[in-house]
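Take a look at the letters that make up each chain.
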Amino acid sequence: PAKLTPNRERPAMPAARPIVVFDLGGVLIDWDPRYLYRKIFGADEAGMEHFLATVCTAAWNLRQDAGRSLAEASSELKAEHPAVAGLIDLWAERWPEMIAGEIPATVAVLEELHARGTPLYALTNWSAETFPHARARFAFLARFRGILVSGEEGMVKPDPRIYRRLFERFAIAPERAVFIDDNAANVAAAGALGLHAHRFTGAPGLRAALGELGLLEG
């Protein structure tokens with residue numbers, strides 16, 4: 001009978017989606033304003049949550065991610081909530097304390113992809129004023145061939161325009177790319193534009209998804 005060629009002699013099949021685009025916050029970087037405000041509110045968890053739900057809200061912060069300056073954002077908010085002006089100022093003054101660090105298991109995935117020569121990019125909703133802190137702190141950001149920062153572009157995910165800006169800026173064909181984000185709306189928008197969109201819920205699920213696509217070893 002004819003001899004079978006051992007698997008190790010067969011060339012690896014190229015991945016159908018060889019480009020990977022990462023979100024940063026919540027995927028590779030552990031950012032949460034609670035890391036700062038717990039230091040201020042102490043045991044008053046309910047007070048902190050009320051402050052973040054009614055004053056320094058996610059919607060308010062998203063406008064900084066879309067390009068509004070921290071000075072303008074703080075000024076407008078303090079006019080609306082003068083009783084907590086000092087707490088509002090802390091957002092800009094002590095912003096780096098909102099980052100606990102990298103998310104090691106996901107950074108390990110990033111490093112493995114980089115070692116395999118995978119073209120890596122990032123698309124992040126992030127203020128143009130605070131992103132330099134992240135660049136200085138996290139060496140793994142140098143693994144990306146390009147990073148599109150919403151605050152520098154004046155638009156945020158899930159606006160389809162920012163994905164198209166990514167495609168144009170870095171010559172990425174969406175049908176050749178995988179997109180990873182922890183936000184369901186961002187994932188849905190990416191999928192609608194032809195990206196293979198993965199909702200990030202943890203490194204094990206991400207590894208499995210990338211393995212199925214031939215981007216990581218099983």
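Residues numbered from 1 in each chain as written. Predicted model: local features only at pLDDT ≥ 70, side-chain atom pairs only at ≥ 80, totals over all residues. Heavy atoms only, no water.

Topic: the packing of aromatic side chains
Counted by the stated rule, this structure contains 12 aromatic pairs. Their ring planes at 65° and their centres at 6.1 Å tell us that Phe-22 and Phe-144 sit as a pair that is edge-to-face. Within this pair, whereas Phe-22 is found in strand β1 (residues 19–22), its partner Phe-144 is found in the loop between α7 (131–137) and β5 (146–149), the two being separated by 122 residues in sequence. Given a relative accessible area of 0%, Phe-22 falls into the buried group. In this structure Phe-144 comes out as buried when scored by relative accessible area, which is 8%. Ring geometry for Tyr-37 against Phe-41: centres 6.5 Å apart, planes inclined by 55°, an arrangement best described as tilted. Of this pair, Tyr-37 and Phe-41 both sit in helix α1 (residues 34–41), separated by four residues, roughly a single helical turn. Like Tyr-37, the residue Phe-41 is buried in the burial classification. (Phe/Tyr/Trp six-rings, centres within 6.5 Å; stacked < 30°, edge-to-face > 60°. Helix = DSSP H or I, 4+ residues; strand = E, 2+ residues; numbered from the N terminus. Buried < 20%, exposed > 50% of the residue type's maximum accessible area, 1.4 Å probe, protein only.)

Things to note about the sheet that holds β5
Pairing is parallel in the open sheet, where five strands are placed in the order β5-β4-β1-β6-β7. Single-partner strands in this sheet number two, and they are β5 and β7 (196–199). Within the sheet, the average angular offset between the axes of one strand and its neighbour, ignoring direction, is 20°. Bridge count for strand β4 (residues 120–124) against β5 is four bridges, and the pairing is parallel. (Pairing = 2+ DSSP bridges. Axes fitted to C-alpha atoms, helices over the stretch in contact; angles between N-to-C directions.)

Notes on the pairing of β4
Of all five residues making up β4, five are buried, and the element is well covered by its neighbours. Side chains Leu-120, Ala-122 and Thr-124 of β4 all project onto a buried face; the interleaved residues Tyr-121 and Leu-123 project onto the opposite face, where all are buried too. Across three bridges, the pairing between β1 and β4 is parallel. Its bridge partner being in β4, Val-21 is matched across the sheet by Tyr-121.

Here we look at helix α9 (residues 160–170)
Since one α-helical turn is 3.6 residues long, residues separated by three or four positions face the same way. Of all the residues in α9, the buried ones are Ile-162, Tyr-163, Leu-166, Phe-167 and Phe-170. All buried residues of α9 project into a common sector of 150° when viewed along the axis, lining one side. Where α9 is buried, its residues touch β1, β4, β5, α8 (150–153), β6 (177–181) and α10 (184–192). With its phi angle positive at about 50°, Ala-171 sits one or two positions after the end of α9. (Arc of directions from axis to C-beta. Contact = heavy atoms within 4.5 Å.)

Regarding the nonpolar core
Judged by nonpolar contacts, the single largest core of 47 residues is most densely connected at Phe-22, Leu-28, Tyr-37, Cys-56 and Phe-144. Cys-56 has contacts with Tyr-37, Phe-51, Leu-77, Ile-88 and Trp-91, leaving out every residue within four places of it along the chain. Of all hydrophobic cores here, the second largest spans 17 residues; its members include Ile-19, Ile-172, Ala-177 and Ala-190. (Core = buried A, V, L, I, M, F, W, Y, C linked by side-chain atoms within 4.5 Å.)

Purely geometric stuff here, so don't read any function into it on its own.
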